[in-house]
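Below, each chain spelled out in residue letters.
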Amino acid sequence: FGAQARGAGQPVDVAALTAHCRQAQADLQALVTQRLKEGLAEPAPDFAPHHKRHQDLQKQFEIKTTQCRAALRQAMSKGAPRLRQMVALDAALGQLLHEREQRLLGSVPVLLERQFQQRKQAHERQQVEADTADDPSQWVQPGGWLHTFSQDHRDVLLAELQQRWQPILGLLDAAQAAYP
C-alpha cells in the first residue's frame, strides 16, 4: 500500500502528489534559466525587457503554485480528518496573506531596477576611466555587468519561487506525516 492512505477518508497518493509538485517546481526553475538566457541573447541597455520578463515569470509562478496547491488541497480534503483540518488552515492562511504577499513581491522589480542601474552606471564609469569604447557583446560575457545582473536576477527569482513553494512543501509534509 506504501504511500496510499489507510483509515478515515479516501486514500491519498502522497508519492504521486509529491512527484507532480516536484515536476512543476523543476519546470519553473528551468523556465527561469531559459528566460534569463534569452535576455542575455538580446542584451538591452534599459531595464524594461527585464521588468517584463520578471513579471511574466511571476505570473507563471503564481499559476503553477496555485495549481499545485489546489491539487494538494483537493486530494487532502478527501483524506483523514487531520488532513482536512490542514487544508482548511492552509486555505485560511492563503486568503489572509495573499494580498500582502502580492504587494511585497510586486516591489521586487523596483529593487531589481535599482541594482540594474547601479551595475550599468558602474560599467559606464569604468568605460570612461579606461577611455575605451563600450562593446555590448562584452556585457553578456562572464564578468560583464549584464551577465552579473542576470545571475543576481536568477538568484532573486529562484528565492521567490522557493518562498512561494513553502506552503506546498508544508502540505506535502503534512500528507507524508499522516500517511508514512
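These lines cover the structure that appears in this document, whether it is placed above or below. (Residues numbered from 1 in each chain as written. Predicted model: local features only at pLDDT ≥ 70, side-chain atom pairs only at ≥ 80, totals over all residues. Heavy atoms only, no water.)

Time to look at the nonpolar core. Among the nonpolar cores identified, the biggest contains 27 residues, and Cys21, Leu72, Met76, Leu83, Trp165, Ile168 and Tyr179 are the most heavily contacted of them. Mapped by element, the contributors of at least two residues to this core are helix 1 (14–41), helix 2 (48–76), helix 3 (81–106) and helix 6 (145–178). Among residues more than four places away in sequence, those in contact with Cys21 are Cys68, Leu72, Trp165, Ile168 and Leu172. Phe116, Val140, Trp145 and Phe149 belong to the second largest nonpolar core, which has ten residues in total. (Core = buried A, V, L, I, M, F, W, Y, C linked by side-chain atoms within 4.5 Å. Buried < 20%, exposed > 50% of the residue type's maximum accessible area, 1.4 Å probe, protein only. Helix = DSSP H or I, 4+ residues; strand = E, 2+ residues; numbered from the N terminus. Contact = heavy atoms within 4.5 Å.)

With that out of the way, let us pick up the pattern of salt bridges. If you walk through the whole model with that rule in mind, you get nine salt bridges. In this structure, Glu99 engages Arg103 in a salt bridge whose closest nitrogen and oxygen atoms are separated by 4.0 Å. Of the two residues, Glu99 and Arg103 are both situated in helix 3; the distance of four residues between them amounts to about one turn of the helix. Two residues, Arg164 and Glu160, come together in a salt bridge whose shortest N-O distance is 3.0 Å. Of this pair, Arg164 and Glu160 are both found in helix 6, four residues apart, which corresponds to roughly one turn of the helix. Accessibility classification places Arg164 together with Glu160 in one group, the buried group. In this structure, a network of salt bridges that share partners links the residues Arg35, Glu38, Lys52 and Asp56. (Salt bridge = Lys/Arg side-chain N within 4 Å of Asp/Glu carboxyl O.)

Look at helix 1: 41 Å from first C-alpha to last across 28 residues, which is about the 40 Å you get at 1.5 Å a residue. Of the residues making up helix 1, those classed as buried are Val14, Leu17, Thr18, Cys21, Ala24, Gln25, Leu28, Val32, Leu36, Gly39 and Leu40. Along its buried surface, helix 1 packs onto helix 2 and helix 6. (Expected span 1.5 Å × (residues − 1).)

Structurally, the position occupied by Gly39 is in helix 1. We classify Gly39 as buried; its relative accessible area is 2%. Taking C-alpha positions, Gly39 is 36 Å from Ala15, a pair spaced 24 residues apart along the chain.

The first and last C-alpha atoms of helix 6 sit 49 Å apart over 34 residues, in line with the 50 Å expected at 1.5 Å per residue. The principal kink in helix 6, of about 40°, is found at Gln166, preceding the proline Pro167 by one to four residues. (Bend = angle between axes of the 7 residues up to and from the residue.)

On to a nonpolar patch on the surface, then. Taken together, the side chains of Leu89, Leu93, Leu96 and Leu97 define a hydrophobic patch exposed on the protein surface, amounting to about 390 Å² of accessible area. Tracing the backbone shows Leu93 in helix 3. Given the relative accessible area of 39%, Leu93 is considered partly exposed. (Patch = residues over 30% accessible without salt bridge, like charges linked within 9 Å, V, L, I, M, F, W, Y side chains within 5 Å. Areas by Shrake-Rupley, 256 points an atom, 1.4 Å probe, with all protein chains shown as cover.)

Here we take up the state of the cysteines. Inspection of every chain in the model, using the stated rule, returns zero disulfides. The cysteine Cys68 is free of any disulfide, with Cys21 supplying the nearest cysteine sulfur at 3.7 Å. Exposure remark for Cys68: the relative accessible area of 2% places this residue in the buried category. (Disulfide = S-S within 2.5 Å.)

Next up on the list: the packing of aromatic side chains. Summed over all chains, the structure comprises five aromatic pairs. By the ring-pair criterion, three or more aromatic residues cluster together here, those being Phe47, Phe116, Trp139, Trp145 and Phe149. (Phe/Tyr/Trp six-rings, centres within 6.5 Å; stacked < 30°, edge-to-face > 60°.)

With respect to the helices, strands and loops of the structure, Gln25 is situated in helix 1. Overall, Gln25 belongs to the buried group, its relative accessible area being 10%. Apart from the residues lying within four places of it in its own chain, the contact partners of Gln25 are Leu161, Gln162 and Trp165.

Taken by themselves, the reported measurements are silent on function.
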